[in-house]
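# Survey of secondary and tertiary structure
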Amino acid sequence: MLFADVKEVTRIQGSLLTGKVTLQNMPYRDMEKLRQVRRDMIKAFPIVLISIPPFANYLVFVLMYYFPRQLLVPYFWTPQQQVEFRGVYHAQRVQSAGAVLRGLQDITGSRLPEGPLQSRLKKLCTNATADVSAVRELFSGPPLGVKWMTTEHKRHICPLLFLTPRLPGFLVGRRLNKHAQELLRLDRALVRLGIHQLSDSELKQACYVRGLNSEVLSVDQCREWLTQWLQVTSYLKGSESSLLLHSMVLLSANYPQRRSGR
């Protein structure tokens with residue numbers, strides 16, 4: 001299956017090179033396939049390097065047996081491991097989400113002037129039913145735009161996208177912006193396709209990529225949440241990508257309790 005996906009990605013990249021499609025009009029499934037296979041290849045690359053020396057492949061097999069989550073790409077996980085490892089990764093995201101919310105509260109209290117926007121953001125940090133779009137202008141410039149956020153705050157956001165925060169500050173910001181722009185393109189492609197065209201597994205994967213623990217939710221709940229997500233992000237400009245990153249926390253917090261008002 002992995003080799004079939006690599007072959008498919010080769011076809012997609014060929015279409016990009018020949019100008020048959022662009023990143024802006026690429027079909028959703030092609031874009032998602034390209035994103036996922038690239039991530040898997042990056043994860044597998046160190047293992048390939050380690051296995052090059054003679055007899056090193058025996059060591060690689062041992063390491064993969066004892067550390068499947070860290071070393072194996074999802075293609076080689078069992079269904080039970082899929083659920084278990086996704087739970088582990090999401091637990092790490094939840095820890096970072098708390099730090100992101102605390103950072104937003106600190107910024108709201110110390111770096112934003114008093115006024116309607118400050119009040120709305122305060123409400124959003126403590127009340128998940130508030131309207132995320134109402135504060136979108138705060139996320140295109142200082143202090144919450146990607147270019148203007150503190151390095152510490154950017155590092156807290158990295159685990160939401162499964163990115164390492166252990167890089168120089170300028171690289172952290174660049175990678176965050178790159179992945180946010182990629183998600184924006186995915187969202188626009190998904191709007192063109194239509195949520196109703198997704199299979200149940202594609203729907204749950206789309207929610208998981210955007211910060212929701214879809215493994216514990218029903219298909220209908222996932223569909224409802226993804227619809228709300230697209231209502232926010234599909235109209236964002238590229239300069240407002242920071243709001244997309246923060247929406248991974250703001251829209252996911254307390255869901256589905258947020259839906260019922262509990």
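See the structure printed just above.
This paragraph deals with the overall build of the chain. When helices and strands are counted, the chain shows 12 helices and zero strands. Counted from the first residue to the last, the chain has its helices and strands arranged as α-α-α-α-α-α-α-α-α-α-α-α. By the compact-globule yardstick of 18 Å for 262 residues, the chain fits well, its C-alpha radius of gyration being 19 Å. Counting only C-alpha atoms, the chain reaches 65 × 40 × 35 Å along its principal axes. Taken across its 262 residues, the chain has 44% of its residues classed as buried. Contacts in the chain between residues far apart in sequence, at least 24 positions, make up 61% of those at least 6 positions apart. Accessible surface, the chain as shown: approximately 14300 Å² in total, 59% of it carbon and sulfur. In the chain, 35 side chains carry a positive charge and 19 a negative one; their mean positions are 4 Å apart.

If you look at the biggest cluster of nonpolar residues, it comprises 59 residues, and the most contacted ones within it are Leu-121 and Leu-226. Contributing elements (two or more residues each) for this core: helix H1 (2–17), helix H2 (28–50), helix H5 (79–110), helix H6 (116–126), helix H8 (169–193), helix H9 (200–209), helix H10 (219–233) and helix H11 (241–250). Considering every element that reaches this core, the biggest residue donor is H8, with eight residues. Formed by eight residues, the second largest nonpolar core is a distinct cluster that contains Met-64, Trp-77, Phe-85 and Tyr-89.

The geometry of H2 relative to H9 is characterised by a closest axis approach of 13 Å and an angle of 55 degrees between their N-to-C directions. One finds that H2 runs oblique with respect to H9. When the axes of H2 and H9 are compared, the crossing they make is left-handed. Here Tyr-28, Arg-29, Glu-32, Arg-35 and Gln-36 of H2 lie close against H9, whose contacting residues are Glu-202, Gln-205, Ala-206 and Val-209. Tallied by class, the residues present in the contact of H2 with H9 amount to three nonpolar, two polar and four charged.

Conventions adopted
Residues numbered from 1 in each chain as written. Predicted model: local features only at pLDDT ≥ 70, side-chain atom pairs only at ≥ 80, totals over all residues. Heavy atoms only, no water. Helix = DSSP H or I, 4+ residues; strand = E, 2+ residues; numbered from the N terminus. Rg over C-alpha atoms; globule rule 2.2 N^0.38 Å. Buried < 20%, exposed > 50% of the residue type's maximum accessible area, 1.4 Å probe, protein only. Contact = heavy atoms within 4.5 Å. Areas by Shrake-Rupley, 256 points an atom, 1.4 Å probe, with all protein chains shown as cover. Lys, Arg positive; Asp, Glu negative; His and termini not counted. Charge placed at Lys NZ, Arg CZ, Asp CG, Glu CD. Core = buried A, V, L, I, M, F, W, Y, C linked by side-chain atoms within 4.5 Å. Axes fitted to C-alpha atoms, helices over the stretch in contact; angles between N-to-C directions. Parallel < 35°, antiparallel > 145°, perpendicular 65-115°, else oblique. Left-handed = near helix turned anticlockwise from the far one by under 90°. Nonpolar A, V, L, I, M, F, W, Y, C, P; charged D, E, K, R; others polar.

As far as function goes, none of this settles anything; it's purely spatial.
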